Amino acid sequence: MRHLTIVSIAAAGIVALSGCEKGIDTAEMERKFQGVNVVDETNLNEVMLTVGDPNEAVNYFQRASSADPDRIDLMRGLALSLVRAKRTNEAKIAWAKVVDHEDATNDDRVNLADALIRSNEWDKAEKVLNAIPPTHETFKRYRLEAMIADGNKDWKKADSFYEIAVGLTTKPASVLNNWGYSKLSRGDYPAAERLFNDAIRQDTTLFTAKNNLVLARGAQGKYTLPVVPMTQVERAELLHSMGLAAIKRGDVETGKGLLRDAVETHPRHFEAAKTALDALENT
C-alpha cells in the first residue's frame, strides 16, 4: 500500500512538471537563449580583433556583416580588421561606411581619418578631423592632429598636439618617438635626442626609437652608442646606422670604423654593413 502511495505521488509530480513545461513562455525562452548567443558572439568579436589572424578576422566580419548588414559593431570590426591586415584602401572605404551609419560616433570619424592617413590622403584626413568638435579630446585624435601639423610644417601646432597626446595616454613611447622624429626632421637634434631617450625609457623594446636616437646623436658628431638596453643584433644594427650618419656628416674614416664594428659585432653575416664598407674601401 505504501509503495502504491509513493508511485501515486511520483505520478502527480510528473503531471505537475508537465503542466509547468506547458506553461513556459516559449518566446521568453528564445529571447534568453538569444541573449546568451549575443554575449558569446561579442566575446568572439573581441577575440577576432586581438589574437586572430587579421585576414581571418576580415573574412569573419565580412560573413557576419553580410548576414546582418545594419549592425555597426560588425561594420567596425571589419574596418578595424582591414587596418590590422594593412589593406588600407579597403579599410578607408569600410570606415567611411561606418561613419555614414546613424549610430556613428566621433571615435569612428577619428578612425576614418587614421585610415585616410594610412592611404596617404592627408588633405581628406585633415577635413575629417576639422569636422570633429574640439570637445572630443582623445589620444588618437591628437596624435593624428600632430602628424598632420607635421606634414604642414606647422611646428607650433605639432608640438602642442604632441604634448597633449602624451598627456592622454599611459603608453606614450610611440608618440614620443614620432615627436622626436619631427624634431629630427627640423634639425633640432638635441631636442630629438631627449625625446628618443624618453621614448626608450617608456618602452625599452622600441628599436625604432633606439635607431632614431643614434641618428640624432650622429648628426651632432656623437659617435658612441647610447647607454640603452640592446641585444647583440640591435647593437650591430645601431653601429651600422651610426656609421652611415658619420659618413653623411663627412666623417668617412670614423664611419668606416663603425661599419667594421657592426660587421664584427653581428652574430651572423651582416650583408648591409659589409656592402657599405666594401663600397667605401673600393673607392
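Some words on the overall build of the protein
Along the backbone of the protein there are 15 helices and zero strands. Burial status across the protein gives 39% buried among its 283 residues. For the protein, long-range pairs separated by at least 24 residues make up 47% of all intrachain contacts whose partners lie at least 6 apart in sequence. Summed over all atoms, the accessible surface of the protein reaches about 16,600 Å², with 54% contributed by carbon and sulfur.

Here's the deal with helix α10 (residues 173-186)
Three or four residues apart is the spacing at which side chains of an α-helix point the same way, because the helix has 3.6 residues per turn. The end-to-end C-alpha distance of α10, which contains 14 residues, comes to 20 Å, matching closely the 20 Å that a straight helix rising 1.5 Å per residue would cover. Of all the residues in α10, the buried ones are A173, V175, L176, N177, W179, G180, S182, K183 and L184. Next to the buried residues of α10 lie α8 (139-151), α9 (155-167), α11 (189-202) and α12 (207-219). Looking one or two residues beyond α10, the residue adopting positive phi is G187, at roughly 90°.

Digging into the pattern of salt bridges
Pairs can form between side chains of opposite charge whenever their charged atoms are close. One pass over the full model with this rule turns up 18 salt bridges. K183 is the salt-bridge partner of D159, the closest N and O atoms lying 3.3 Å from each other. One end of the pair, D159, is in helix α9; the other, K183, is in helix α10, with 24 residues separating them in the sequence. A single burial state applies to D159 and to K183, both of which are buried. The shortest N-O distance in the salt bridge between R217 and E193 comes to 3.1 Å.

Structural notes on the packing of helix α6 (residues 106-118) against helix α7 (residues 122-130)
Their axes nearest at 8 Å, the elements α6 and α7 cross at an angle of 170°. Put simply, α6 runs roughly antiparallel to α7. On α7, the residues that touch R109, L112, A113, L116 and I117 of α6 are W122, K124, A125, V128 and L129. Grouping the amino acids of the contact of α6 with α7 by side-chain chemistry returns eight nonpolar, no polar and two charged.

So, a negative patch on the surface
A cluster of like negative charges, contributed by D68, D70, E102 and D103, occupies part of the molecular surface. Looking at the secondary structure, you find D70 in the loop between α3 (54-67) and α4 (72-84).

Quick word on the confidence of the model for the protein
With 85% of its residues at a pLDDT of 70 or more, the protein shows a mean pLDDT of 88. Low pLDDT (under 50) marks residues 1-24, which in the prediction has zero contacts with non-local residues, meaning those over four places away or in another chain. Ignoring residues within four places in sequence, the model shows residues 28-39, a span with pLDDT below 50, making zero contacts including any to other chains.

Focus on the environment of L78
With respect to the helices and strands, the residue L78 is situated in helix α4. On a C-alpha basis, the gap between L78 and Y60 in space is 8.2 Å, while along the polypeptide they are 18 residues apart. The residues contacting L78, other than those within four sequence positions of it, are V58, F61 and Q62.

A look at the packing of aromatic side chains
One pass over the structure, following the stated rule, counts three aromatic pairs. Judged by centre distance (4.9 Å) and plane angle (75°), the ring pair of Y60 and F61 falls under edge-to-face. Residues Y60 and F61 agree in their burial class; the two are buried. Measuring from ring centre to ring centre gives 5.8 Å for Y142 and F161, while their planes differ by 35°; the resulting arrangement is tilted. Within this pair, whereas Y142 is found in helix α8, its partner F161 is found in helix α9, the two being separated by 19 residues in sequence. Here Y142 and F161 have matching classes, each one buried.

Here's the deal with α7
Along α7, the residues that are buried comprise A125, V128 and L129. End-on view of α7: buried residues confined to an arc of 95°, all on one side of the axis. Exposed and oriented more than 90 degrees from the buried face of α7 are D123, K124, K127 and N130. Summarising the contacts, the buried residues of α7 are in contact with α6 and α8.

Reading guide: rules and limits
- Residues numbered from 1 in each chain as written.
- Predicted model: local features only at pLDDT ≥ 70, side-chain atom pairs only at ≥ 80, totals over all residues.
- Heavy atoms only, no water.
- Helix = DSSP H or I, 4+ residues; strand = E, 2+ residues; numbered from the N terminus.
- Buried < 20%, exposed > 50% of the residue type's maximum accessible area, 1.4 Å probe, protein only.
- Contact = heavy atoms within 4.5 Å.
- Areas by Shrake-Rupley, 256 points an atom, 1.4 Å probe, with all protein chains shown as cover.
- Expected span 1.5 Å × (residues − 1).
- Salt bridge = Lys/Arg side-chain N within 4 Å of Asp/Glu carboxyl O.
- Axes fitted to C-alpha atoms, helices over the stretch in contact; angles between N-to-C directions.
- Parallel < 35°, antiparallel > 145°, perpendicular 65-115°, else oblique.
- Nonpolar A, V, L, I, M, F, W, Y, C, P; charged D, E, K, R; others polar.
- Patch = residues over 30% accessible without salt bridge, like charges linked within 9 Å, V, L, I, M, F, W, Y side chains within 5 Å.
- Lys, Arg positive; Asp, Glu negative; His and termini not counted.
- Charge placed at Lys NZ, Arg CZ, Asp CG, Glu CD.
- pLDDT = per-residue confidence, 0-100.
- Phe/Tyr/Trp six-rings, centres within 6.5 Å; stacked < 30°, edge-to-face > 60°.
- Arc of directions from axis to C-beta.

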